[in-house]
Each structure stands twice: as C-alpha cells, then as structure tokens.
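Residue strings, one per chain:
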Amino acid sequence: MDWYSSAFSLMILSFLECVVIAYIYGVDQFYNDIALMIGRKPPLWYKLSWMGITPFTIMFILIFTMVMHEPVTYGDYSYPTWAIMIGWIMAMVSLVPLPIIMVLETLKQDGTLSQRIKKAMRPAEDWGPATKGHKEMYYSSLPPNQQKPNEDMQMFSVTNTNSESEKALLQSKSV
C-alpha cells in the first residue's frame, strides 16, 4: 500500500493545489491574503515558487516516479495482478472526490456550461475572515472593483467581538 499511496496521489494533489492557487485563485490574491494574515508582504520568491518552481518540481518528480516505476515485489516474490490493482485503486481513491465535487458544483449553477464553470469557481458570498475587523481589513486590501460596501460587511458579521489581541492588531494596521 505504501508503495502506491505515498507517491502518485500525493504528487497529483500537490500539483493541482499549486495550479489552483497560482492560476485559478490567483497568485496576486493569494500573496495579498498571506500579507494580510502575517502583517507584511512575503518575499517575491514565493510568487515565483507558487507559479513555476513548485509545480514544475512536483511534475518532474511525478513523471520520474512513473518512468522508474516497477511492479511491487517482496524479495523474489512478485505480487499477482489483482493485488497490484487493489494497490492502485487504494492509491487513487483519494483523488475521486475532486472530479465528483467539481461536477456537482458545476451542475448546481445556472447558465451555459462555460457560465456554470465560471460560477462554480467563484468563492461563496460569505467567504472571508470571520470577525468584522478582519473582514474590513480584507476588503480594503482588495482592488476597488472587488471591494464590498460597508453595509455588506454588516451582513456577514459574527456575533462575537474581537479579542483584545485582535483589536490591538487591527489598531496597529490602521496606523
């Protein structure tokens, strides 16, 4: 089991995660989100890594692993085909939810197929930081065409108030 699960599905999931962050969610938006969370902009090196270095490295490792792959053996014993197939099935089962959820989310939307795909790839309306202060900081960090008005932020506010450490962070950000 370890022979299959540790390489293939992990590399495929990691590669897809890099592609989604860099090219679907957007590397600039992700970069700004990280800056908002840690209070400073990360080095530009991270953008290069998210967009090219990491996906390329993961794909190289995946291709190398596939090219160098040999059927599993234990000493001189070669496992039967049915056992190898069970290993592949168990390794790939972690990938099954991705296309299923993608199809279900696309089918929930209205419009043509391309409109449905675009709508399914947008975040939910209430997505974002939980506290009002963090939500205001988040929306102010967005480009003007993506900012939400103040009354919109009230709609998504939560009932709990900011903790003292959150209030201090918000005050330091506004200075």
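Before reading on, note that the structure itself is shown above.
Residues numbered from 1 in each chain as written. Predicted model: local features only at pLDDT ≥ 70, side-chain atom pairs only at ≥ 80, totals over all residues. Heavy atoms only, no water.

1. Considering the overall build of the chain
Scanning the chain from terminus to terminus reveals eight helices and two strands. Its helices and strands taken in sequence order, the chain reads α-α-β-β-α-α-α-α-α-α from the N to the C terminus. Long-range contacts, defined here as pairs at least 24 residues apart, represent 56% of the contacts in the chain between residues at least 6 apart. As displayed, the chain has an accessible area near 12,600 Å², and 66% of this comes from carbon and sulfur atoms. (Helix = DSSP H or I, 4+ residues; strand = E, 2+ residues; numbered from the N terminus. Contact = heavy atoms within 4.5 Å. Areas by Shrake-Rupley, 256 points an atom, 1.4 Å probe, with all protein chains shown as cover.)

2. Some thoughts on a nonpolar patch on the surface
A grouping of Val-93, Val-96, Ile-100, Ile-101, Met-102, Val-103, Leu-104 and Leu-107 is seen on the molecular surface, where their side chains present a nonpolar patch of about 740 Å² in accessible area. Relative to the assigned elements, Val-93 resides in the loop between α3 (81–92) and α4 (97–108). (Patch = residues over 30% accessible without salt bridge, like charges linked within 9 Å, V, L, I, M, F, W, Y side chains within 5 Å. Salt bridge = Lys/Arg side-chain N within 4 Å of Asp/Glu carboxyl O.)

3. A few points about the nonpolar core
Taken as a class, soluble globular proteins show a tendency for nonpolar side chains to be buried jointly. Ranked by size, the top nonpolar core spans six residues in total: Ala-7, Phe-8, Met-11, Cys-18, Ile-58 and Leu-62. The leading source of residues in this core is helix α1 (residues 2–38), at four residues. Each residue touching Phe-8, except ones within four places of it in the same chain, is listed here: Leu-62, Thr-65, Met-66, His-69, Trp-88 and Met-92. In terms of nonpolar packing, the next biggest core, distinct from the first, is built from five residues, Leu-36, Tyr-138, Tyr-139 and Leu-142 among them. (Core = buried A, V, L, I, M, F, W, Y, C linked by side-chain atoms within 4.5 Å. Buried < 20%, exposed > 50% of the residue type's maximum accessible area, 1.4 Å probe, protein only.)

4. A look at the packing of α4 against helix α5 (residues 113–120)
In the contact formed by α4 and α5, the axes pass within 8 Å of each other and the chain directions differ by 110°. The angle between the axes of α4 and α5 places the two elements in the roughly perpendicular class. The handedness of the crossing between α4 and α5 is right-handed. Here Glu-105, Thr-106 and Leu-107 of α4 lie close against α5, whose contacting residues are Leu-113, Arg-116, Ile-117 and Ala-120. Partitioned by chemical class, the residues of the contact of α4 with α5 number four nonpolar, one polar and two charged. (Axes fitted to C-alpha atoms, helices over the stretch in contact; angles between N-to-C directions. Parallel < 35°, antiparallel > 145°, perpendicular 65-115°, else oblique. Left-handed = near helix turned anticlockwise from the far one by under 90°. Nonpolar A, V, L, I, M, F, W, Y, C, P; charged D, E, K, R; others polar.)

5. A few points about the side chain of Thr-106
With respect to the element layout, Thr-106 can be found in helix α4. In this structure Thr-106 comes out as buried when scored by relative accessible area, which is 12%.

6. Details of the packing of aromatic side chains
Summed over the entire model, instances satisfying the criterion amount to five aromatic pairs. On the basis of an interplanar angle of 20° and a centroid distance of 6.2 Å, the ring pair of Phe-60 and Phe-64 is categorised as stacked. Note that Phe-60 and Phe-64 are positioned in helix α2 (residues 45–68) at a spacing of four residues, about one turn of the helix. Note on Phe-64: relative accessible area 48%, which makes it partly exposed. An aromatic cluster is present here, built from Phe-30, Tyr-46 and Trp-50 joined pairwise through their rings. Positioned over the ring face of Tyr-31 is Lys-47, at 4.6 Å from the centre of the ring. (Phe/Tyr/Trp six-rings, centres within 6.5 Å; stacked < 30°, edge-to-face > 60°. Lys NZ or Arg CZ within 6 Å of the ring centre and 35° of its normal.)

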